[in-house]
Amino acid sequence: MSRPIQVTQITFAERPTESITSSTFKVEKAALDATLQVGQALVRVDYISIDPAMRGWLRETGASYMAPVQIGETMKAGGIGTVIKVAEGETKIKIGDVINGLTGWADYAVVEFDPRLFQNLTSQYPKATKEDYVEALGGMVSMTAYFGLLEIAKIKPGETVVVSGAAGATGSVVVQLARILGAGKVIGVAGGHEKSQYVEKELGADRCLDYKSSSFKTDFEKEVGLLDVYFDNVGGEILDLALSRLNQHARIVMCGSISTYNDSAHKGIRNYSNLIRQSSIAQGFTLFDYTPRFDEALGAIMKWKQEGKLKRMKFHVENGLESCPDALRTIFAGVNTGKMVVKVSSEGPGQV
């Protein structure tokens with residue numbers, strides 16, 4: 001393929017106080033600087049991952065595993081792409097390889113070989129199909145589910161596990177892993193009948209409760225009884241409700257808080273004192289707490305998929321780089337079932 005001389009990128013234009021708006025980002029074109037150092041590659045971006053955590057990267061301050069995006073900077077994002085140029089003397093990667101890394105919202109990007117964020121998918125999975133490459137975008141959320149259940153929840157056979165955001169990227173994996181790891185009862189929480197049916201019929205939850213239902217609180221109390229593990233992806237009022245239904249020594253896995261990411265001021269939870277009365281814990285974590293164990297997690301996840309115990313991730317695909325801002329907005333409206341991604345290139349991963 002001919003090497004591009006221009007890059008289209010979506011940059012951060014205005015810091016939002018609440019929801020993302022049409023003025024938060026802008027599309028820009030710039031000359032493509034393809035100067036490379038060893039440990040870098042120029043890639044054509046094929047797919048971009050859209051994740052709720054990206055909303056937190058737009059805040060001006062606050063400690064995080066990812067530095068805040070600065071005004072004028074290309075929006076950060078993970079993605080998969082096809083290598084079109086490597087640095088002279090580079091031996092770890094070659095033209096045509098498919099990589100998973102920090103691409104940002106752009107159609108071409110210079111990607112660093114950061115061990116936390118970079119995979120050469122071609123060398124790791126030499127028989128991979130296009131679908132396998134796209135599936136790699138779900139690798140981080142799958143590992144998040146894995147470590148959350150094993151290391152924070154320390155799930156035990158026979159326990160009752162409740163999962164919020166159960167039809168989303170992370171939640172859909174948690175539901176299945178809870179069953180694989182021996183949970184006695186798995187209950188999901190999702191928004192709408194269609195999503196609830198997906199969680200029950202395709203993911204294998206015993207029940208999935210529709211938080212939009214007028215009877216949700218009553219249904220939750222009846223179906224859950226007392227919970228041993230609550231895997232929290234949404235925060236807010238559902239977290240508060242879960243805190244009122246704790247068994248002795250329950251564990252709350254604080255993974256995400258999508259219901260509050262757009263709030264300028266967070267509302268406090270009321271039922272936190274139940275953690276004391278029930279000798280329970282609530283613990284937050286990020287995936288990068290477990291970087292040295294990524295190979296362990298990916299190996300276990302692949303094994304369960306090969307055994308048919310864990311389904312391929314479901315993807316919600318939007319088309320075109322310029323759809324990235326809308327894709328990020330819509331995940332906060334609960335539009336997607338499964339993992340939200342944006343298809344950028346008209347060519348498939350690995351095609352040069």
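Rules used in this analysis
Residues numbered from 1 in each chain as written. Predicted model: local features only at pLDDT ≥ 70, side-chain atom pairs only at ≥ 80, totals over all residues. Heavy atoms only, no water. Pairing = 2+ DSSP bridges. Helix = DSSP H or I, 4+ residues; strand = E, 2+ residues; numbered from the N terminus. Right-handed = clockwise from strand over helix to strand, strands pointing away. Buried < 20%, exposed > 50% of the residue type's maximum accessible area, 1.4 Å probe, protein only. Arc of directions from axis to C-beta. Contact = heavy atoms within 4.5 Å. Salt bridge = Lys/Arg side-chain N within 4 Å of Asp/Glu carboxyl O.

**Some points on the pairing of strand β14 (residues 315–319)**
In this sheet, strand β15 (residues 339–343) lies alongside β14 in parallel orientation, the contact comprising 5 bridges. Bridge assignment links H316 to a residue of β15, and that residue is M340. Note on the crossover from β14 through helix α10 (residues 324–331) to β15: the handedness is right-handed.

**A few points about helix α5 (residues 193–201)**
Within the span of α5, buried status applies to K195, S196, Y198 and V199. On an axial view of α5, the arc spanned by its buried residues comes to 155°, and they lie on one face. When the buried face of α5 is taken as reference, the exposed residues oriented beyond 90 degrees from it are H193, E194 and K201. Against the buried residues of α5 lie α4 (169–180), β9 (185–190) and β10 (207–210).

**Side note on the pattern of salt bridges**
Going through the model one piece at a time under the given rule, you end up with 18 salt bridges. A salt bridge links E151 to R293; its shortest N-O distance comes to 3.0 Å. In this pair, E151 sits in helix α3 (residues 139–153) while R293 sits in the loop between β13 (281–284) and α9 (294–306), placing the two residues 142 residues apart along the sequence. Exposure remark for R293: the relative accessible area of 26% places this residue in the partly exposed category. Notably, a salt bridge pairs E200 with R207, separated by 3.4 Å at the nearest N-O pair. The class for E200 is partly exposed, based on a relative accessible area of 21%.

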